[in-house]
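# Notes for the structure review
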Amino acid sequence: MKPLTVDFVLRSTAAFLGEKGLPSARLEAELLLAFVLGLDRLQLYLQFDRPLTPKETADYKSVIKRRLSGEPLAYITGKKSFLKWDFSINSSVLIPRPETELLVERTCALVRTGQQAEAPAEETPATEERDERRLLELGTGSGVIAISLALYLPEVRIDAVDISPQAITVAVENAQRLGVAERITFYTGDLFAPLPTAKRYKGIVSNPPYIPTAELATLSKEVRTEPVIALDGGADGLDFYRRIIASAGEYLRADGFLAFEHGYDQAASLSDLAKQAGYDKVSGYKDPAGYNRVLICSRSAVT
């Protein structure tokens, strides 16, 4: 029997995945075959005439079966692209979404310009840490937010927290591989609990769990493979925002800001929570699809 070539296998697999209803069928076929062969996509394109061995063909069929069972592509390949970098991913962490890139971009812009809630120096309590470039990320997961911020903002130091020891292990490995481990301190614990109380931050950044509990069962089979602890935001999806906003004042500098990613229909409710807590400067930002996804909150004056 004539060996199957890379080109033939890609074309037939893309057609098959398309028939099964998978979006981006050709891209997924390429990424899965590149994973099996230990190549990147460019190398794959340069080897279209390469015949596959029986083992390679069997391995490819195996990962296709896993994908069709609902296992996410990122969990199969063990990596996910986010902004300009590839991050290691496994089933203990949430898979990074494109909309989270907006949170990183808006936070970077805010740190660079310092345009929100600039409080006079004398209004900053003497006990506050004077480093205006220190940030805190709550719920770091695989570390994509903290690490991307460190890569874009080389002058910044970051503390990052997650309740899952397994997630912290993934985040530390990503930080080491991407060369920013010396500027990020990782803590394992529940939100602010593991942090030294004396620390003060210019900004607190978070993409917390925000799916209402009752909606978890309605999520796609693929999403339901991700850690529930990273998805479940309580009855209305806002539990973690309430907790963060309630305690943030103990850790924010007087001129500090909160930067949140949130669900597409949560902007108004989250804005109300922030304003009730005294964050009177609230700005919302939309993702490329036109949905409200990011909220930046700060105080215009110290009371």
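Along each chain, numbering runs from 1 in the same order as the chain's sequence is written. Given that the model is predicted, a residue must reach a pLDDT of at least 70 before its local features are reported, and side-chain atom pairs must reach 80 or more before they are shown or counted; all residues, however, enter totals for whole chains, interfaces and linings. Processing note: side-chain calculations cover all non-hydrogen atoms of the structure and skip hydrogens and water entirely.

### A few points about the overall build of the protein
In terms of helices and strands, the protein carries ten helices and nine strands. Judged by the C-alpha coordinates and their principal axes, the protein covers about 80 × 40 × 30 Å. For the protein, with 303 residues in total, the buried portion stands at 49%. Every residue pair with non-hydrogen atoms within 4.5 Å of one another is taken to be in contact. Partitioning the contacts of the protein with sequence separation of at least 6, the portion at a separation of at least 24 is 66%. Of note, the protein has its 36 positive side-chain charges centred 5 Å away from the centre of its 40 negative side-chain charges. Secondary structure elements are taken from DSSP: a helix is a run of H or I of four residues or more, a strand is a run of E of two residues or more, and numbering for both begins at the N terminus. Exposed residues in this analysis have more than 50% of their type's maximum accessible area, buried residues have under 20%, and partly exposed residues fall in between, with area computed by a 1.4 Å probe over protein chains only. When charges are counted, Lys and Arg are positive and Asp and Glu negative, with His and the chain ends excluded. A charged residue contributes its charge at one atom only: NZ of Lys, CZ of Arg, CG of Asp or CD of Glu.

### Comments concerning helix α10 (residues 267-276)
When α10 is considered as a whole, its buried residues turn out to be A267, L270, S271, L273 and A274. Down the axis of α10, the buried set is contained in an arc of 160°. They therefore lie on one face. For α10, exposure combined with an orientation more than 90 degrees from the buried face picks out A268 and Q276. Against the buried residues of α10 lie α9 (239-248), β7 (252-261), β8 (281-286) and β9 (292-298). Immediately downstream of α10, the backbone of G278 shows phi near 100°, a positive value. Arc definition: it is the arc formed by the directions from the helix axis to the C-beta atoms.

### Focus on the packing of helix α2 (residues 25-37) against helix α4 (residues 54-68)
Between two packed helices, both the angle of their axes relative to each other and the distance between the axes serve to describe the pair. An axis is simply a line fitted to the C-alpha atoms; with a helix, the fit covers only the stretch in contact. Between two such axes, the angle follows the N-to-C directions and lies from 0 to 180 degrees. It is at 10 Å that the axes of α2 and α4 come closest, and there the two elements cross at 135°. Judged by the inter-axis angle, α2 sits oblique to α4. The chirality of how α2 crosses α4 is right-handed. Here α2 contributes E28, A29, L32, L33, F35, V36 and L37 to the contact with α4, which in turn contributes E56, D59, Y60, V63, I64 and R67. In this count, Pro and Cys sit with the nonpolar residues alongside Ala, Val, Leu, Ile, Met, Phe, Trp and Tyr, while Asp, Glu, Lys and Arg are called charged and the others, Gly among them, polar. In the contact of α2 with α4, the residues fall into nine nonpolar, no polar and four charged. Note on terminology: angles under 35 degrees are roughly parallel, angles over 145 are roughly antiparallel, angles of 65 to 115 are roughly perpendicular, and the others are oblique. In this scheme the crossing of two helices becomes right-handed for a clockwise turn of the near helix relative to the far one and left-handed for an anticlockwise turn of less than a right angle.

### Things to note about the side chain of R253
Counting through the fold element by element, R253 comes out in strand β7. Looking at R253, the relative accessible area reads 5%, which means it is buried. Counted as a polar contact is a pair of N or O atoms within 3.5 Å, where, for protein atoms, one must be capable of donating a hydrogen and the other of accepting one, and residues adjacent in sequence contribute only when both atoms are in side chains. Of note is the side chain of R253, whose polar atom sits 3.1 Å from the side chain of D255.

### What to know about the pairing of β7
Among the ten residues of β7, ten are classified as buried, and the element is accordingly described as predominantly covered. Summarising the sheet, strand β6 (residues 201-206) and β7 pair through five bridges and their orientation is parallel. Within β7, the residue paired with V205 across the bridge is A259. By convention, orient the strands away from the viewer: a clockwise path from the first strand over the helix to the second makes the crossover right-handed. Each parallel crossover has a hand, and for β6 linked through α9 to β7 it is right-handed. Any two strands with at least two DSSP-identified bridges between them are counted as paired. One ladder, built from five bridges, connects β7 with β9; its direction is antiparallel.

### Some thoughts on the confidence of the model for the protein
Per-residue confidence from the prediction method is given by pLDDT, with values spanning 0 to 100. In the predicted model, the protein carries a mean pLDDT of 91, and the fraction of residues at 70 or more is 92%. At the level of individual helices and strands, the protein shows its lowest average pLDDT in helix α3 (residues 41-45), which scores 89, and its highest in helix α8 (residues 165-177), which scores 98. The model gives residues 115-130 a pLDDT under 50, and that stretch makes 35 contacts with residues more than four places away or in other chains.

### A few points about the pairing of strand β4 (residues 157-162)
When you tally the buried positions in β4, you get five out of six residues, the bulk of the element. Judged from the five bridges that link them, strand β3 (residues 134-138) and β4 form a sheet pairing that is parallel. Across the sheet, L136 pairs through a bridge with D159, a residue of β4. Handedness of the β-α-β unit built from β3, helix α7 (residues 144-152) and β4 comes out right-handed. Here five bridges tie β4 to strand β5 (residues 184-188), and the two strands are oriented parallel to one another. Across the sheet, residue D159 finds its bridge partner in β5, namely T185.

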